[in-house]
Amino acid sequence: MRRPNPGLFPRRLWICTQCSRARYYSVASSKTIRAANKKTSLPDFPARTRFAPSPTGYLHLGSLRTALFNYLLAKRTGGQFLLRIEDTDQKRTIPGAEQRLYEDLQWAGLQWDEGPTVGGPHGPYRQSERTAIYRTHAHDLITNGHAYRCFCSADRLDSFARHRSQAGLPPGYDRKCAELSTEESEDRASKGEAHVVRLKVEGYPMFEDIVYGKTGQNRSPNRLDLIDRVYDDPILLKSDGHPTYHLANVVDDHLMKITHVIRGTEWMPSTPLHVALYNAFKWTPPRFGHVPLLVDKSGQKLSKRNADIDLTFFKDTQGVFAATLVNFAALLGWSHTQKSDIFSLEELEQIFNLKITRGNTVVAFEKLWFLQKAHAQRFATKNDPVFEEMVSKVSKAAQEACPTEQLVSILQSRPLAEYIPPLLRADAKSYTNASEFVQRNSTFFTTALTRPPYTPAASPSKSPPQAIPMATLHTAAAALSLVPESHWTIETHKFNITSYDGASAILPEEPTTDTYSSPEEATKARTAADKTFKKELYHYLRWALSASAPGPGIPETMVILGRAEALRRLLEARQMTTDMANESASPTRLSKGAQSGESQDADTAWMGSLSPKS
Ligand code: GLU
């Protein structure tokens, strides 16, 4: 069982009679809640919300957001989040969809407090198991005069519809059966005559939407057009005795004590009818909040073609973390005043409110990847259990992408499970998914680097100095290599690089007041020279160690590769630049040794016992 939100309101433990599980209910004092919710448009009481999917498809980005907003509203106010399966349309039910909904919601961390698989005091939570309840309620409406049986045959309704359509008029019903006496209606029904039950619409009231404010058209129950008086009088109970969505939805929300219905704007046209139904039952409707439509950058509604695809695409194909997708979905139409957009589910539970923006929400997937990198970094620094999953996925991706001999040569008997974590920690800020990570950091998975010819970073036109002598870079790299295995750490390398005297390496002579007008000028020249040198040194080391690929910093790279491999690469790079200089006149000035074409053996002499070969 999930730990209760310790946040806003205290909670009390209760044991569910159906499933015998322990659950928490809020026992917040209304004064506490009112004070806390004043500015957040949150209710002054624990909200009971629900997610009511139909198992006619899988969870996708839009429905995940709906589920999430309902979940967060319940958690933020210390209320309960329910899951209800609206499977009245059995013909459209997809086998296995219900199970997948459970799995996907749980993957996202949206565990329901009541619903299928966990039970609860207002079950059953699957509409197909509640048919008798809907029938009773439809009958109640007939008894109180707000609904009536309609025995019109399909033929009659068809020809009525045809006649209206030919006259260019919208569909409607002429209320023929509303005139039947109670006795006749009862009699025909008891004899088994096929019929539906229709709501006798008395009007469609306006309602106050949490997002859109006063909404609806306050329409009258009938329309008198050119030829007929027609009514909407929607069907509540079908001729097979099963409820329509409207009846089941309203009855369940009432019986399950739902206080807030947060759903997509596509349901907004149905809400006046739902409010009319609540009125017919003499029930208080819940608060409705319709969340805006998700559209792509060109304003098109998200569809299968532009990524409103089921969650599997994000989680399995794209390797998106649950935390990322939840964070991304939360920001779709919800505005907050926090400094950063990066939230875990637990953080969202603490800060969510009902400040939902109106109008279509543009889904920009760049944000998803920004969040993914941010969460990867969080997992890496916190050593979160997800980090272990990342390690095993990257290991698997590396094994898939690289031939075994290649991995063996770089790993040098280190297991991947040991090699990957420091690499992941060092470059988590760029993590999108395992295979892209391996691709981006491919130089860490091979000993065979393909380096382009070295091109200096320093602009030859800048002063001082015009060009960094290659020999000074070789010397600096050699100095960094002198660190013994026991001190081969990120800190040591960082210290050595920062404290390396770059100015002395390249300035012809120590800046003095003979050359410069003042001691300040001399210091300035020194600092500038050191900066230019360091820039070139980093550039050279990146070229040497990872063929200029972006990725972990230089000290981190040296540690991840290990001393032997780092030294081998530095040596290889030195040799390459030496050879290049011998072959052609390079724009960089070269060391005396390099210019004289020293042999590889002489070249490696400076490494002495530190050489990987020794
Ligand atoms: N069963 C509806 C759906 O599939 C639920 C609509 C509502 O939330 O009221 O989205």
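- For the chain, an unreviewed UniProt entry supplies the name Glutamate--tRNA ligase, mitochondrial and the organism Aspergillus coremiiformis.
- Of the comments in the UniProt record for the chain, the one headed Sequence similarities (unreviewed entry) reads "Belongs to the class-I aminoacyl-tRNA synthetase family. Glutamate--tRNA ligase type 1 subfamily."
- Looking at the Subcellular location (unreviewed entry) heading of the UniProt record, one finds this comment for the chain: "Mitochondrion".

Brief notes about the overall build of the chain
- Counting its secondary structure elements, the chain contains 24 helices and 15 strands.
- Looking at the chain as a whole, 51% of its 614 residues are labelled buried.
- Considering only residue pairs separated by 6 or more positions, the chain has 75% of its internal contacts joining residues 24 or more positions apart.

Side note on the site of the ligand
- Taken together, Arg 50, Ala 52, Ser 54, Glu 86, Tyr 245, Asn 249, Arg 263 and Trp 267 make up all the residues around the ligand.
- Between the ligand and Arg 263 there is a distance of 2.7 Å, counted from an oxygen atom to a side-chain nitrogen or oxygen.
- A breakdown of the residues in the shell around the ligand according to their chemical character gives three nonpolar, two polar and three charged.

A word on the pattern of salt bridges
- Taken as a whole and assessed by the stated rule, the structure comprises 33 salt bridges.
- Asp 310 is paired through a salt bridge with Arg 100; the nearest N and O atoms lie 2.8 Å apart. Of this pair, Asp 310 sits in the loop between β14 (294-295) and α9 (311-317) while Arg 100 sits in helix α3 (residues 97-108), and the two are 210 residues apart along the sequence.
- A relative accessible area of 23% means that Asp 310 is categorised as partly exposed.
- A salt bridge links Arg 188 to Glu 184; the nearest nitrogen and oxygen atoms lie 3.0 Å apart. Residue Arg 188 and its partner Glu 184 are located together in helix α6 (residues 182-190), separated by four residues, close to a single helical turn.
- Assessed through its relative accessible area of 21%, Arg 188 is described here as partly exposed.

Topic: the packing of aromatic side chains
- Summed over the entire model, instances satisfying the criterion amount to 20 aromatic pairs.
- Relative to Phe 365, the ring of Phe 314 has its centre 6.2 Å away and its plane inclined at 25°; by these criteria the two rings are stacked. In this pair, Phe 314 is assigned in helix α9 and Phe 365 in helix α12 (residues 365-382), connecting sequence segments 51 residues apart.
- Counting every residue linked through ring pairs, the aromatic cluster contains Phe 69, Trp 334, Phe 343 and Phe 352.
- Arg 156 extends its terminal NZ or CZ atom over the ring of Phe 160, reaching a point 6.0 Å from the ring centre.
- For the cation-ring pair, Arg 451 lies above Trp 543, with the distance from its terminal atom to the ring centre recorded as 5.6 Å.

A short note on the environment of Ala 428
- Within the secondary structure, Ala 428 sits in the loop between α15 (416-427) and α16 (434-440).
- For Ala 428, a relative accessible area of 0% puts it in the buried group.

Quick word on the side chain of Asn 249
- Here Asn 249 shows up in helix α7 (residues 245-255).
- A polar atom in the side chain of Asn 249 sits 3.1 Å from the side chain of Glu 86.
- With sequence-adjacent residues up to four places away left out, Asn 249 is seen in contact with Arg 50, Arg 84, Glu 86, Gln 127, Arg 263 and His 274.

Points about the sheet that holds strand β6 (residues 196-199)
- On the basis of which strands lie adjacent, the open sheet formed by three strands has the order β5-β6-β11 and antiparallel pairing. Strands with a single pairing partner mark the edges of an open sheet, and in this sheet they are β5 (147-150) and β11 (235-237). Ignoring strand direction, the axes of neighbouring strands in this sheet form an average angle of 45°.
- Pairing of β6 with β11 involves two bridges; the strand directions are antiparallel. Looking at the pairing, Val 197 lines up with Leu 237 of β11.

Concerning the layout of surface pockets
- In this model, the largest pocket occupies a volume close to 1,200 Å³.
- What lines the largest pocket is a set of 42 residues, and nearest its centre among them are Ser 54, His 60, Ser 63, Glu 266 and Trp 267.
- Those elements that provide at least two residues to the lining of the largest pocket are β3 (48-51), α2 (61-76), α7 and β12 (260-264).
- Among the elements that make up the lining of the largest pocket, the one with the highest residue count is α2 (five residues).
- Taken together, the residues of the lining of the largest pocket break down into 16 nonpolar, 14 polar and 12 charged.
- Each pocket or cavity is described by its volume, and for the second largest pocket that value is around 900 Å³.
- What lines the second largest pocket is a set of 34 residues, among which Val 320, Phe 321, Ala 322, Val 386 and Glu 389 lie closest to the centre.
- Residue assignment for the lining of the second largest pocket shows that the elements contributing at least two residues are α3, α9, α10 (322-330), α11 (345-351), α12, α13 (385-401) and α16.
- The element contributing the most residues to the lining of the second largest pocket is α13, with seven residues.

Thoughts on the pairing of β3
- Of the two faces of β3, the one holding Arg 48 and Arg 50 and the one holding Thr 49 and Phe 51 are both buried throughout.
- Taken together, the four bridges between β3 and strand β4 (residues 80-83) define a ladder with parallel strand orientation. For Thr 49, the partnering residue across the bridge sits in β4 and is Phe 81.
- Following the backbone out of β3, through α2 and into the adjacent parallel β4, one traces a crossover that is right-handed.

With respect to the nonpolar core
- Among the nonpolar cores identified, the biggest contains 58 residues, and Leu 424, Tyr 431, Phe 445, Tyr 540 and Leu 541 are the most heavily contacted of them.
- In terms of residue count, helix α20 (residues 519-546) provides more of this core than any other element does, eight residues in total.
- Apart from the residues lying within four places of it in its own chain, the contact partners of Leu 541 are Ala 477, Leu 480, Ile 497, Ser 546, Ile 554 and Leu 570.
- Among the nonpolar cores identified, the runner-up in size contains 52 residues, and Leu 64, Phe 81, Val 118 and Ile 356 belong to it.

Thoughts on the confidence of the model for the chain
- Per-residue confidence for the chain gives a mean pLDDT of 87; residues scoring 70 or more make up 84%.
- Every residue in residues 24-28 is under pLDDT 50, and counting partners more than four places away or in other chains gives 28 contacts.
- Below pLDDT 50 for its whole length, residues 586-614 participates in 45 contacts with residues either more than four positions away or in separate chains.

Structural notes on unusual backbone geometry
- Look at the link from Gly 123 to Pro 124: it is a cis peptide, with omega at 0°.
- With respect to the secondary-structure elements, Pro 124 resides in the loop between α3 and α4 (131-143).
- In this structure, Asp 233 takes a positive phi of about 30° despite not being glycine.
- Relative accessible area serves as the criterion here: at 0%, Asp 233 is assigned to the buried category.
- Positive phi values are uncommon outside glycine, yet Ser 413 reaches one of about 70°.
- By the secondary structure assignment, Ser 413 is in the loop between α14 (404-411) and α15.

Focus on the environment of Arg 50
- By the secondary structure assignment, Arg 50 is in strand β3.
- In sequence terms Arg 50 and Asp 253 are 203 residues apart; their C-alpha atoms lie 8.3 Å from each other.
- Setting aside chain neighbours within four positions, we find Arg 50 in contact with Asn 70, Phe 81, Leu 82, Arg 84, Asn 249, Asp 253, Ile 258, His 260, Val 261 and Arg 263.
- Here the side chain of Arg 50 touches Asp 253 through a polar contact of 2.9 Å, side chain to side chain.

Each value, and the rule that gives it
- The numbers attached to residues start from 1 for each chain and follow its sequence in the written order.
- Since the coordinates come from a predicted model, pLDDT governs what is reported: local features require at least 70, and pairs of side-chain atoms require 80 or more to be given and counted, while whole-chain, interface and lining totals use all residues.
- As a convention, hydrogens and water are excluded, and side-chain values are obtained from all of the structure's heavy atoms.
- UniProt positions are given in the numbering used here, feature names are shortened, and annotations may be inferred rather than shown by experiment.
- What counts as a helix is a DSSP run of H or I of at least four residues, what counts as a strand is a run of E of at least two, and both are numbered from the N terminus.
- With a 1.4 Å probe rolled over the protein chains alone, any residue whose accessible area is under 20% of its type maximum counts as buried; one over 50% counts as exposed, and the rest are partly exposed.
- Residue contacts are defined here by distance: any two heavy atoms, one from each residue, within 4.5 Å place the two residues in contact.
- If a single non-hydrogen atom of a residue is within 4 Å of a molecule or strand, that residue counts as near it.
- A 3.5 Å cut-off defines polar contacts: any pair of N or O atoms within that distance qualifies, except that in protein one atom must be a possible hydrogen donor and the other a possible acceptor, and neighbouring residues in sequence count only when both atoms are side-chain atoms.
- Residues were grouped as follows: Ala, Val, Leu, Ile, Met, Phe, Trp, Tyr, Cys and Pro as nonpolar; Asp, Glu, Lys and Arg as charged; and all remaining residues, including Gly, as polar.
- By definition here, a salt bridge exists when the distance from a side-chain nitrogen of Lys or Arg to a carboxyl oxygen of Asp or Glu is within 4 Å.
- Pairing of aromatic rings covers Phe, Tyr and Trp, the last counted by its six-membered ring, and requires centre-to-centre distances within 6.5 Å; plane angles under 30 degrees mean stacked, over 60 mean edge-to-face, and any other angle means tilted.
- In this scheme, the term charge over a ring applies when either NZ of a lysine or CZ of an arginine sits within 6 Å of the ring centre and within 35 degrees of the ring normal.
- Pairing between two strands requires that DSSP report at least two bridges joining them.
- The axes are straight lines fitted to the C-alpha atoms, using for helices just the contacting stretch, and the angles between their N-to-C directions are given from 0 to 180°.
- Cavity and pocket criteria rest on a 1 Å grid covering protein atoms alone: a 1.4 Å probe that fits but cannot get out defines a cavity, protein on both sides within 12 Å along at least 5 of 7 lines defines an open pocket, and an atom within 4 Å of a point defines a lining residue.
- Grid points are joined across faces, edges and corners, and a volume is the space filled by probe spheres set on the points.
- For crossovers, right-handed means that the path from the first strand over the helix to the second runs clockwise, given strands pointing away from the viewer.
- In plain words, nonpolar cores are sets of buried Ala, Val, Leu, Ile, Met, Phe, Trp, Tyr and Cys residues tied together by side-chain atoms within 4.5 Å.
- For every residue, the predictor assigns a confidence score, pLDDT, that lies between 0 and 100.

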